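# Notes for the structure review
Here is how the chains run, residue by residue.
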Amino acid sequence: MQQTDGTLIEQGAIRVLDPVWIPMRDGTQLAARIWMPDAVRHAAAPVVLEYLPYRRRDGTLPRDELTHAWLAQNGYVGVRVDIRGNGDSGGHMTDEYSEIELDDGVQVIEWLAAQDWCTGSVGMIGISWGGFNGLQLAQLAPPALKAAVTICFTDDRYADDIHYMGGCLLTENKGWSSQMFAYSSRPPDPEIVGADWREIWLGRLRNQPLHIETWLAHQRRDAYWKHASVCEDYGAVKAAILAVGGWADAYSNAVPRTIAGLSSPVAGINGPWAHKYPNVAWPEPAIGFLHEVKTWFDHWLKDADKTPDMSYRMFVMESEPPARRMLARKGRWISEPSWPSPRIGREALYLSEQGLGAHQGGTPLHVQSPQTIGLAGQRFCPGMRSLDELADDQRNDDAHCLTLDTAPLSEAKDIVGAARLRLRLTPDQASGFVVARLCDLRPDGTVAFITMGTLNLTHREGHHTVAPLTPGASVEVEFAFNDIAYRVPAGHCLRLSLSTAYWPMIWPSAAPLSLQLDPAGCVLDIPVRPDIEENAPQFALPEQTRQGHATPLRPEGFTRHEETLPDGTQRLRLVTDGGLMRHESTGMESGKVITEIWDIRADDPLSARHETHWSFTIGRGDWQTRTETRTVMTCDATSFHIVARLDAYDGDERLITRDWQFSVPRDGV
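Residues numbered from 1 in each chain as written. Predicted model: local features only at pLDDT ≥ 70, side-chain atom pairs only at ≥ 80, totals over all residues. Heavy atoms only, no water.

Secondary structure assignment for the chain yields 11 helices and 35 strands. Dimensions of the chain along its principal axes, counting C-alpha atoms only, are 80 × 60 × 40 Å. Among the 669 residues that make up the chain, the fraction classed as buried is 62%. Of all intrachain contacts in the chain linking residues separated by at least 6 positions in sequence, the fraction that spans at least 24 positions is 72%. Put simply, the chain shows about 23300 Å² of open surface, and 49% of that area lies on carbon and sulfur atoms. Within the chain, the 87 negative side-chain charges are centred at a point lying 1 Å from the centre of the 63 positive side-chain charges. (Helix = DSSP H or I, 4+ residues; strand = E, 2+ residues; numbered from the N terminus. Buried < 20%, exposed > 50% of the residue type's maximum accessible area, 1.4 Å probe, protein only. Contact = heavy atoms within 4.5 Å. Areas by Shrake-Rupley, 256 points an atom, 1.4 Å probe, with all protein chains shown as cover. Lys, Arg positive; Asp, Glu negative; His and termini not counted. Charge placed at Lys NZ, Arg CZ, Asp CG, Glu CD.)

On to the sheet that holds strand S25 (residues 493-499). Strand pairing in a sheet relies on backbone hydrogen bonds. The paired strands run either parallel or antiparallel. Pairing within the open sheet is antiparallel, and its four strands lie in the order S18-S25-S21-S22. The open sheet terminates on both sides in strands that have one partner only, identified here as strand S18 (402-405) and strand S22 (447-456). On average, adjacent strands in this sheet sit at an angle of 20° to one another, irrespective of strand direction. Inspection of the sheet shows strand S21 (residues 433-441) paired to S22 by nine bridges, in the antiparallel sense. Bridging across to S22, Asp440 finds its partner in Ala448. (Pairing = 2+ DSSP bridges. Axes fitted to C-alpha atoms, helices over the stretch in contact; angles between N-to-C directions.)

Attention now moves to the pattern of salt bridges. Pairing is possible between side chains that carry opposite charge, provided their charged atoms lie close to one another. With the rule as written, the count across this model stands at 65 salt bridges. Notably, a salt bridge pairs Glu478 with Arg420, separated by 3.0 Å at the nearest N-O pair. Residue Glu478 is located in strand S23 (residues 475-480), and its partner Arg420 is located in strand S20 (residues 420-427); the two are separated by 58 residues in the primary sequence. A relative accessible area of 42% means that Glu478 is categorised as partly exposed. By relative accessible area, which is 32% here, Arg420 ends up partly exposed. (Salt bridge = Lys/Arg side-chain N within 4 Å of Asp/Glu carboxyl O.)

Further remarks concern the pairing of strand S24 (residues 484-488). Most of S24 sits inside the fold, with four of its five residues counted as buried. Taken together, the two bridges between strand S13 (residues 312-318) and S24 define a ladder with parallel strand orientation. The residue bridging Glu318 from the neighbouring strand is Arg487, located in S24. Taken together, the five bridges between strand S19 (residues 413-417) and S24 define a ladder with antiparallel strand orientation. Its bridge partner being in S24, Lys413 is matched across the sheet by Val488.

Let's shift gears to the packing of aromatic side chains. This model, assessed by the stated rule, comprises 26 aromatic pairs. Here Phe315 and Trp333 contribute two aromatic rings whose centre-to-centre distance is 5.4 Å and whose plane-to-plane angle is 70°, an arrangement assigned as edge-to-face. Pair noted here: Phe315 is in strand S13 and Trp333 is in strand S14 (residues 331-336), with a separation of 18 residues, a long-range link. Taken together, Tyr54, Tyr97, Trp129, Phe132, Tyr183, Tyr251, Trp614 and Phe616 form an aromatic cluster joined through their ring pairs. Over the face of the ring belonging to Tyr224 we find Arg157, whose NZ or CZ atom lies 5.2 Å from the ring centre. Directly above the ring of Tyr76 sits Lys302, whose terminal nitrogen or CZ lies 4.3 Å from the centroid. (Phe/Tyr/Trp six-rings, centres within 6.5 Å; stacked < 30°, edge-to-face > 60°. Lys NZ or Arg CZ within 6 Å of the ring centre and 35° of its normal.)

It is the contact of helix H2 (residues 99-114) with helix H3 (residues 129-140), at a shortest axis distance of 10 Å, that shows an interaxial angle of 75°. With respect to H3, the element H2 is oriented roughly perpendicular. The segment H2 lies against H3, with Glu101, Leu102, Gly105, Val106 and Ile109 engaging Trp129, Asn133, Gln136, Leu137 and Leu140. When the residues that make up the contact of H2 with H3 are grouped by side-chain class, the tally is six nonpolar, three polar and one charged. (Parallel < 35°, antiparallel > 145°, perpendicular 65-115°, else oblique. Nonpolar A, V, L, I, M, F, W, Y, C, P; charged D, E, K, R; others polar.)

A few words now on the packing of helix H1 (residues 61-73) against helix H10 (residues 289-302). Between H1 and H10, the shortest axis-to-axis distance is 11 Å and the interhelical angle comes to 45°. Here H10 runs oblique to H1, going by the angle between their axes. Helix-helix and strand crossings are classified by hand; for H1 and H10 the assignment is right-handed. Seen from H1, the contacting residues are Leu66, Thr67, Trp70 and Leu71; seen from H10, they are Leu290, His291, Val293 and Lys294. The class makeup of the residues in the contact of H1 with H10 is five nonpolar, two polar and one charged. (Left-handed = near helix turned anticlockwise from the far one by under 90°.)

Turning our eyes to something else, we now look at the nonpolar core. In this structure, Trp117, Val149, Leu351, Leu421, Leu423, Leu498 and Leu524 are the most contacted members of the largest nonpolar core, which totals 190 residues. No other element matches H2, which puts seven residues into this core. When sequence neighbours within four positions are dropped, the list of residues in contact with Val149 reads Met124, Ile125, Gly126, Leu242, Val244, Phe289, Val293, Trp296 and Phe297. (Core = buried A, V, L, I, M, F, W, Y, C linked by side-chain atoms within 4.5 Å.)

Here the focus is the state of the cysteines. Under the defined criterion, the tally for this structure stands at zero disulfides. In this structure Cys152 is a free cysteine whose sulfur lies 7.1 Å from that of Cys381, the closest cysteine sulfur available. Take Cys522: it sits in no disulfide, and the sulfur closest to it among the cysteines is that of Cys401, at 16 Å. The exposure class of Cys522 is buried, given its relative accessible area of 1%. (Disulfide = S-S within 2.5 Å.)

A few words on unusual backbone geometry. In this structure, Pro19 follows Asp18 across a cis peptide bond, with omega equal to 5°. A cis amide bond, omega 20°, links Glu284 with the succeeding residue Pro285. Along the chain, the position of Pro285 falls in the loop between strand S12 (266-271) and H10. Positioned with a positive phi, Ser128 is a non-glycine residue whose angle comes to about 60°.

Within the fold, Leu553 resides in strand S28 (residues 550-554). Separated by 493 residues in the primary sequence, Leu553 and Thr60 place their C-alpha atoms 18 Å from one another. If sequence neighbours within four positions are ignored, Leu553 has contacts with Leu580, Met581, Arg582 and Glu589.

Let us look at the confidence of the model for the chain. Should pLDDT be low for a region, the predicted coordinates there are not to be read in detail. Within the chain, residue pLDDT values average 96, and 98% of them lie at 70 or more. Confidence over residues 1-6 falls short of pLDDT 50; this stretch has 14 contacts with residues more than four positions distant or in other chains. (pLDDT = per-residue confidence, 0-100.)

Along the chain, the position of Phe558 falls in strand S29 (residues 557-564). The class of Phe558 is partly exposed, set by a relative accessible area of 25%. Sequence spacing of Phe558 and Val593 is 35 residues, and the spatial spacing of their C-alpha atoms is 9.7 Å. Not counting chain neighbours up to four residues away, the residues in contact with Phe558 comprise Ser386, Asp388, Leu574, Val575 and Thr576.

Turning to the side chain of His275, a few remarks are in order. Examined against the element boundaries, His275 turns out to sit in the loop between S12 and H10. We classify His275 as buried; its relative accessible area is 9%. A distance of 2.9 Å separates a polar atom in the side chain of His275 from a polar atom in the side chain of Ser128. Setting aside residues no more than four positions away along its own chain, His275 makes contact with Ile127, Ser128, Cys152, Asp249, Tyr251, Cys381, Pro382, Gly383 and Met384. (Polar contact = N/O pair within 3.5 Å; in protein donor to acceptor, adjacent residues only side chain to side chain.)

So, in structure tokens, the structure goes:
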């Protein structure tokens, strides 16, 4: 691959154009990198757009040089656009999935469709943020947008995103704010924007928001979260949607829910994967995902005769010893022609002092957890930082929970879908939450995590309202577990583990909660798929060749350290060194180091403290920049407290320091 001028790279039958400036109506220009098939010199082609804030010239470049080059080699114009205020695009960013972001996206689609090298048909592809806004733009229904492939996404920004789960506050709400704080504060590339790069960067830094200030102000499912939640109006989506997720990812629920909700053409795939594209994902098996994408777009953008698989394909995971790092999983692929599937049955398991079984118990059950429970859990969204983020053996957590087991199963059971739990409980506090984990108790005594569900008990009437509990008064609640496909073998036991704390995933309630359960009103309802003789779905080999090269300048690394401080505080410290890489097609050198600390004492939920520090370096030759961000979150019984700082450096010169300090009242959380 050789650079022939400032904007054009020739690579066989592909031309790579960067930058391509896409004008917005307000005069802002968004920066694009385009993989152009040489064949468009003679005939126009459909466009596949990916629209992200993660910097096309370094941040997502390794993936882009795989995905978009492959698409270009297969007859599509691949387009990667930086969202306003990020990378080299002009303007300033205000929030995720803002009105202006989505309006810009519609304008980008209209601009692409009008180019003489485009047939007028546009598709979108994206994971996470790009999966979110691909579906969101499909809901806005610009005429040129015919199809989208949305990966690791959500259709409900409150119920299934990185902010809240079951109405409980996720520590990743603050963690994700810290990440975007660092991501969006990086400079544009002087080779692209010219000598004004520093002034552009200063303008960006002066306008840099601290997102948690907004996110924490909306602790209920209000109009803020309903905006851009496609579940509010599935019927507005006209494009054909291929919905994709992974069981180890945080967003697996959106796939079956979107399939069930859309009236436009829709299909789904849920594999064993973490937060990655399925052709490069772990745990394996990875699949030939880009071939699936091509078949999808060929049909909906090119009117090809070959009809894509319109079913819901799922990987049913087999039981394996639990481990934080699991690069491959055993299992099998299944397919359901429609969802919800009439072939999935339901089985009721009653909670009693004897465990889980077919008969109700009579003796009350009790749940009260130390605040330190949860360390054996997986990271909320594995795959975003390291390979060591899956759930460990659950025995250490289970020792401090109410655990209820079935008898050893006489035959294997395939749990496919979302289990539900109904509880009749009496609290001793006005607020708090319950966490339920479904686990696989293996014959060797190890306990493997299957899935989980949570409920903020003040949200028992819905996430739009807060209804304080009355201590000593019984209430009935019901909530769902995350969707899963898991085979529990014969001889294993199914375990339900209940707790009233789950740190470090969930921010603790204001006071320790104790619950008494009435077994007469407690039942676990699990979805069971019968053994069906079927032809398993087949996939091509995974596409994994990047049409570009990166030179490592510093290796990646990860450390996890747990300790108990002299005052009894339990500390978890994670350090993720993302390494330093030089991307040869742009010359950009990028590196990062992330330090995260969670502190809490077993007997005091108000001792919770979460600190994150991000250090980002971006440079080329003599041009070297660095941003440092630090965010700390603490609480008391009535409020959350945030302290943050941003420092930006041009070489050794500190360009700017900005500080934030504010408190937000607790609202039933």
